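One letter stands for each residue in the lines below.
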There are 2 protein chains.
Amino acid sequence: MGNETVLLQPPRTRVLIVGGGFAGIHAAKGLAHLPVDVTLVDRRNHHTFQPLLYQVALAVLSPADIAQPIRTILRRQANSQVLMDEVTGVDVAARTVTLGSGSQVEYDYLVLATGATHSYFGKDEWAPFAPGLKTVEDATEIRRRVLLAFELAERQMVEHGWHPPLNFVVIGGGPTGVELAGAISDIAQLYMRHDFRHIDPATSRVMLLEGSPRILAVYPPDLSAKAEAALTRLGVEVHTNTHVTNIGPGWVEAGDKRIDAVVTLWAAGVQASPLGKMLAAVPPGSASPVELDRRGCVLVDAHLNPAGLPNVFVLGDLAHFEQDGHQVPGVAQPAMQMGDHIAKMIAADLEGRPRPPFRYFDKGDMATIGRMDAVAKVEWPFKAHLAGFPAWVTWLVVHIFFLIGFRNRLAVFAAWIWTYFTFTRGARLITGDQRLPGWQDQIDAGPTAPSETTHSELR
Amino acid sequence: MGNETVLLQPPRTRVLIVGGGFAGIHAAKGLAHLPVDVTLVDRRNHHTFQPLLYQVALAVLSPADIAQPIRTILRRQANSQVLMDEVTGVDVAARTVTLGSGSQVEYDYLVLATGATHSYFGKDEWAPFAPGLKTVEDATEIRRRVLLAFELAERQMVEHGWHPPLNFVVIGGGPTGVELAGAISDIAQLYMRHDFRHIDPATSRVMLLEGSPRILAVYPPDLSAKAEAALTRLGVEVHTNTHVTNIGPGWVEAGDKRIDAVVTLWAAGVQASPLGKMLAAVPPGSASPVELDRRGCVLVDAHLNPAGLPNVFVLGDLAHFEQDGHQVPGVAQPAMQMGDHIAKMIAADLEGRPRPPFRYFDKGDMATIGRMDAVAKVEWPFKAHLAGFPAWVTWLVVHIFFLIGFRNRLAVFAAWIWTYFTFTRGARLITGDQRLPGWQDQIDAGPTAPSETTHSELR
């Protein structure tokens, strides 16, 4: 046991990739035909297609539709191996990484792509009351809460003749918040219409709270406005300039307003994985220490290196990369492109050529808003701002195309066709605990609870 | 809150069904066109197609492929409602059922179909070390353990050059045990062949322990022999006359033998749901009290009534029903037929006719053994004992046919085709905790652990 040093495959150049997200998988696949030995370490056994995670949370897709074992993705790539383990330390001087068990793995190149997680801005005590959406477990937890809310309301209605208001509060008006709010509205308005006898799911309220003056703040203002209009048509109440000050079991406070919430979801903040901090802490007397931004992302240069570490690459959401004076956003596209770029740089090193600099090629951004609507800022192959049905179709095609694995594409496409035409969600399972935080408090407070807030009060 | 009496829909005959398994769902659907009001209560929101649960446990299917919301199954049935709640008491004198919240629901007819759960024969402390397979949660827990075993072994091999033996022990040689053992052998021998670089999954051992002299003891002896031969061809070590005396983290004891086990599964015993006991406890001074068998199943007459309770029906695995001197087995077929029979009896009551007695029509039994093999005792439309590929095809057709929901049939069929031809399992997700009970003990004991048992030692 203990601190043994393990030689993985000594004779060839060893590339150690940490993280099996978009950046890590693209880096590994790009290295397939180079004379290097690749080890990909991830603490999970699967790669998750995060852009569709919200569809698992809202019962359209099953977890396995959007997740695939990393091992299977790389099974035919002879120069690569996968290790399911956690990285607990990095020693850039000794060129080793420490794993969960205490063992150390040596590398010639280190590729860090461990991404980001949600940040409660220091209020981690909010986490149990407002789950975020980053992992398959998060998605099934959100699914559990949303579906359970309707079941508990029906039960309460049958047994006591009333139920607390079904208010769903989504905090954060970025793409994830917009997609979650639209999808909850969809499920309440359309997909559960014939399922209940005593409650009307369509009377539930969905509130989207955003601190800044507009939702989708990284999009052009016209698309933000179109997204807000589309959400409003779906019945979502969009509250901009609304700062959440506290969250508890069954309620959210925004300034002096209190909103009863049967389910609260967090889509407001992200922070880089702790690996950035480990890297910054490492070189004790280093001339140019590794710098982090305020989210914990590692500042990298045009070769995706942190200062002074030419054989360490930081990619994806963990990287802070600036191009033309702007930070490249933490989304799937730059992560994939950064991953693809790794092989080009290592190949250049092996052949003694100078490394090509990385340049992000932005093809655009998009977010769905419920059943048939979306907004898209297209940059390539033409420039356009799309909204409505055309944006939605574009979104469909792009997301099916980028899903890893033929089986997953088929399964997701079949599930979408089914969902679209039958108004049925195929994965409406409640598993695990059958309680909701704060539900019993709301029942005990009775039908005339003074804290019930109406739309106008919140405005 | 508290003990209010709730009138569901007073004017019509009220049928209260407890349990949304095969018996409960068939009972509810059968009552669709009778002038009665049906309430189906289940503590879960979904009906589970239990015969395919082992395929969720072994990563072929997703939970949503074999589970469907009870609410969706009955969504178009206007005389029926669904309540997700637990039943905590039955008062046959007052004709009420107590729910989890303390509320009471009145009934005119009570249909109890809450099934069975696994029994550790009084050794409930074994449960964390040897999970059984009754629910979707059980299946994902077994999936987690089996997949994690290979990942941990690969990690241990990379980091320390050896790993504890990959012994999978399945306790109980009934259909579930046989199907689990065959499917684990399949996944180890065939489906993971190209995925690992340091371990050879095919060197893992699968042991099936059965206390009685033959596996599939309820089948004819020739099929038991064929099933044992088929398992042996797959590499499963079948140990009959082997009584498990103790189970702990990472080991199983059978008499004076101790087997190291990376994963232990329990398929040995079932006991009736506690509702049987509640019913038996109810009539205090009753002339003919409700009788239970040793598993807690309720003895019922030809009208599926417990003694002296003509408006209470007990169905499915919860019922002990004898026909021609034999107890009808606790499997899907009799449960469905009993469910279907409920409407016939209630219709007879409503029309003032005598109730028709229930008669179980046995079409046969079958169990799969790995990828292309099965045994089937066919009783209808012809009598035959099938084994091998013909039995397997029969099994496929029957199971697709009985799956509730067109979408599920399509999804399962597609997953099977995919799995069969690509040797890939589509749902290989490890979620939740990333430890296995006893794994660290086995590592700490080192590569020459004295408790390692070989096949010949166990014999």
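Here's what I pulled together on the structure shown here. (Residues numbered from 1 in each chain as written. Chains lettered and ligands numbered in written order. Predicted model: local features only at pLDDT ≥ 70, side-chain atom pairs only at ≥ 80, totals over all residues. Heavy atoms only, no water.)

### Focus: the sheet that holds strand E17 (residues 257-260) of chain B
All names here are of chain B.
Point 1. With antiparallel pairing, the three strands of this open sheet are ordered in space as E15-E16-E17. On the outer flanks of this sheet lie strand E15 (246-248) and E17, each paired with one strand and no other. Sheet twist, expressed as the average angle between the axes of neighbouring strands with direction ignored, equals 15 degrees. (Pairing = 2+ DSSP bridges. Helix = DSSP H or I, 4+ residues; strand = E, 2+ residues; numbered from the N terminus. Axes fitted to C-alpha atoms, helices over the stretch in contact; angles between N-to-C directions.)

### Some thoughts on the relation of the copies chain A and chain B
Point 1. Expressed as a screw operation, the relation of chain A to chain B combines 0.0 Å of axial shift with a rotation of 180 degrees, fitting to an RMSD of 0.0 Å. Both copies are brought into coincidence by an operation consistent with a two-fold rotation axis. For chain A, the smallest separation between a C-alpha atom and the rotation axis is recorded for A:Ser62, amounting to 3.4 Å.
Point 2. Mapped onto chain B, 100% of the interface residues of chain A again fall at the interface, so both copies present the same surface. (Least-squares fit on C-alpha atoms with pLDDT ≥ 70 in both. Contact = heavy atoms within 4.5 Å.)

### So, the interface of chain A and chain B
When the parts of a complex come together, some accessible area is lost, and that lost area is often used as the size of the interface.
Point 1. Each partner contributes residues to the interface: chain A has 60 residues there, and chain B has 61 residues.
Point 2. Buried surface at the junction of chain A and chain B, both sides included, amounts to about 5,600 Å², of which 51% is carbon and sulfur.
Point 3. The interface formed by chain A and chain B holds six salt bridges in total.
Point 4. With its nearest N and O atoms 2.8 Å apart, the salt bridge here joins A:Asp195 to B:Arg75.
Point 5. There are 39 residue pairs in polar contact (both at pLDDT 80 or more) connecting chain A and chain B.
Point 6. Among the elements that take part in the side of chain A that touches chain B, helix H5 (residues 136-160) of chain A stands out by supplying nine residues, more than any other.
Point 7. Among the residues making up the side of chain A that touches chain B, the classes are represented as 26 nonpolar, 17 polar and 17 charged. (Buried area = accessible area lost by both parts, 1.4 Å probe. Salt bridge = Lys/Arg side-chain N within 4 Å of Asp/Glu carboxyl O. Polar contact = N/O pair within 3.5 Å; in protein donor to acceptor, adjacent residues only side chain to side chain. Nonpolar A, V, L, I, M, F, W, Y, C, P; charged D, E, K, R; others polar.)

### Comments concerning the sheet that holds strand E6 (residues 80-84) of chain B
Residue and element names in this part refer to chain B.
Point 1. Ordered by their spatial adjacency, five strands build an open sheet running E6-E3-E2-E10-E21, and the pairing between neighbours is parallel. Both outer strands of the open sheet, E6 and strand E21 (312-314), are each paired with one neighbouring strand and no more. Taking each pair of neighbouring strands and ignoring which way they run, the sheet shows an average axis angle of 15 degrees.
Point 2. Sheet topology places strand E3 (residues 36-42) next to E6; five bridges connect them, and they run parallel. Residue pairing in the sheet places Asp42 in a bridge with Met84 of E6.
Point 3. Of the strands in this sheet, strand E2 (13-18), E3 and strand E10 (109-112) touch helix H1 (residues 22-30), which is tilted by about 160 degrees from E3.

### Points about a nonpolar patch on the surface
Point 1. Taken together, the side chains of A:Met372, A:Phe389, A:Val393 and A:Val397 present a nonpolar region at the surface, about 330 Å² in accessible area.
Point 2. Within the secondary structure, A:Phe389 is located in helix H10 (residues 389-402). (Patch = residues over 30% accessible without salt bridge, like charges linked within 9 Å, V, L, I, M, F, W, Y side chains within 5 Å. Areas by Shrake-Rupley, 256 points an atom, 1.4 Å probe, with all protein chains shown as cover.)

### Considering helix H9 (residues 332-350) of chain B
Residues and elements named next belong to chain B.
Point 1. End to end, H9 covers 28 Å across 19 residues, agreeing with the expected 27 Å (1.5 Å per residue, within 8%).
Point 2. H9 sits mainly inside the fold: 14 of its 19 residues count as buried.
Point 3. Positioned one or two residues after H9, Gly352 has a phi angle of 70 degrees, which is positive. (Expected span 1.5 Å × (residues − 1). Buried < 20%, exposed > 50% of the residue type's maximum accessible area, 1.4 Å probe, protein only.)

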